[in-house]
Structure formats: C-alpha cells, structure tokens
Amino acid sequence: MDYIDKVIEKLKEWGRRLIEALLGPESQPEAEPIPVPVDDRRYRR
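All values reported here derive from a predicted model rather than from experimental measurement. (Residues numbered from 1 in each chain as written. Predicted model: local features only at pLDDT ≥ 70, side-chain atom pairs only at ≥ 80, totals over all residues. Heavy atoms only, no water.)

## What about a nonpolar patch on the surface?
Here comes step 1: A contiguous nonpolar surface patch, about 810 Å² in accessible area, is contributed by Met1, Tyr3, Ile4, Val7, Ile8, Leu11 and Trp14.
Here comes step 2: In this structure, Met1 sits in the segment before helix H1 (2-23).
Here comes step 3: Overall, the relative accessible area of 77% leaves Met1 in the exposed class. (Patch = residues over 30% accessible without salt bridge, like charges linked within 9 Å, V, L, I, M, F, W, Y side chains within 5 Å. Areas by Shrake-Rupley, 256 points an atom, 1.4 Å probe, with all protein chains shown as cover. Salt bridge = Lys/Arg side-chain N within 4 Å of Asp/Glu carboxyl O. Helix = DSSP H or I, 4+ residues; strand = E, 2+ residues; numbered from the N terminus. Buried < 20%, exposed > 50% of the residue type's maximum accessible area, 1.4 Å probe, protein only.)

As structure tokens, this is what we get:
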C-alpha cells in the first residue's frame, strides 16, 4: 500500500506541474493600490 501512495503522490505532483505549465502559476489576488495624496491646488503668481 505504501508503494501505491507514493505513486499517487507523484501523479498529483506531475499533474500540478502540468497544469501550472499550461495555465501559469496559481493566480494570486491583485494587490490594492496605495492611495497617494496629491496637492492639486493652483498657486497664484
């Protein structure tokens, strides 16, 4: 039974690698942009 478990684990690993190669790495949530304060006042000269 131990042999069968090792074979199943190896097949899962190969399947995971195949899917990653075809579809790219696991998608990660897109980081939210950090708001940057902007001084938009117009100065008079």
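From this point, the narrative continues.
## Section: the pattern of salt bridges
Here comes step 1: Using the criterion set out here, one finds 3 salt bridges in the structure.
Here comes step 2: The partner of Glu13 in a salt bridge is Arg17, with the nearest N and O atoms 2.7 Å apart. Taken together, the residues Glu13 and Arg17, both in helix H1 and 4 residues apart, mark about one turn of the helix.

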